[in-house]
Amino acid sequence: MELWTLIVKSNTFNFIIMVLLFAFIIKSTKLSQKLDNAVAKVKELIDNSRLANENSIQELKEANEKTKNVQSEIIEIEDKAQENISNLEEKIAQDSEKQIEAIKRSADRTITAKEREIVSTLSKKTVLASIEVARRHVINLLNNHPDYHQKFIKESIEEINRLNNEQ
């Protein structure tokens, strides 16, 4: 019995029992399969990370490639914008010049029309004034020389007869 007590009290026996107990627990809980699954998941995560890293590097290269010509594209856009501005300024200047000329022509036509209207009005007033002066002159002439009255009547009748004969 001393042997049994010695075995039970020794660490070797305890160690063997502990190993057997762990083996039974591992086997009954299928821990090796779970560990294999966990290892597979970790490997898959590592592979996915590597793939994502490679994709990121490729995207970075593509982004660098795209942005390589950005400065020259900006300069080109600025040059085109400046050219468009110059063309627009020139067109606005030409359009403004055309409008100024059109306004001048319109003003000249208006001034000419007003001048004609004024000349016409003055001519009418002049004609009326001339007729009034002639009428007064005839009245004065007839008042001062009553014998002219008969002479004017006679000449008027002769003129009427002459016009009637011509028709």
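Residues numbered from 1 in each chain as written. Predicted model: local features only at pLDDT ≥ 70, side-chain atom pairs only at ≥ 80, totals over all residues. Heavy atoms only, no water.

Visitor: Quick rundown of the overall build of the protein? Include the residues and the values.
Guide: Secondary structure assignment for the protein yields 5 helices and 0 strands. Each helix (α) and strand (β) of the protein, taken in turn from the N terminus, gives the series α-α-α-α-α. Radius of gyration (C-alpha) of the protein: 63 Å, far over the 15 Å computed for a compact globule of 167 residues. A principal-axis box enclosing the C-alpha atoms of the protein has dimensions of 195 × 35 × 35 Å. (Helix = DSSP H or I, 4+ residues; strand = E, 2+ residues; numbered from the N terminus. Rg over C-alpha atoms; globule rule 2.2 N^0.38 Å.)

Visitor: Could you give me a rundown of the confidence of the model for the protein, with the residues and numbers involved?
Guide: The predicted model of the protein averages 85 in pLDDT, with 95% of residues at 70 or higher. Here helix α1 (residues 2-9) stands out as the element of the protein with the lowest mean pLDDT, 71, in contrast to helix α4 (residues 70-144), whose mean of 88 is the highest. (pLDDT = per-residue confidence, 0-100.)

Visitor: Tell me about the pattern of salt bridges, residues and numbers included.
Guide: Any two side chains of opposite charge can pair, so long as their charged atoms come close to each other. The final tally for this structure, using the stated rule, is 7 salt bridges. The salt bridge involving Lys80 is made with Glu76; its shortest N-O contact spans 3.5 Å. With Lys80 and Glu76 both in helix α4 and 4 residues apart, this pair spans about one turn of that helix. Accessibility expressed as a relative area gives 44% for Glu76, which makes it partly exposed. Here Glu159 makes a salt bridge to Arg162, at a shortest N to O gap of 2.2 Å. With a gap of 3 residues between them, Glu159 and Arg162 both fall in helix α5 (residues 147-166), about one helical turn apart. With a relative accessible area of 36%, Glu159 lands in the partly exposed category. Shared partners join several salt bridges into a network, and the residues in it are Glu132, Arg135 and Arg136. (Salt bridge = Lys/Arg side-chain N within 4 Å of Asp/Glu carboxyl O. Buried < 20%, exposed > 50% of the residue type's maximum accessible area, 1.4 Å probe, protein only.)

Visitor: Account for a nonpolar patch on the surface, naming residues and giving values.
Guide: There is a patch of nonpolar side chains on the surface, built from Met18, Leu21, Phe22, Phe24 and Ile25 and spanning about 510 Å² of accessible area. For Ile25, the position within the fold is in helix α2 (residues 11-28). (Patch = residues over 30% accessible without salt bridge, like charges linked within 9 Å, V, L, I, M, F, W, Y side chains within 5 Å. Areas by Shrake-Rupley, 256 points an atom, 1.4 Å probe, with all protein chains shown as cover.)

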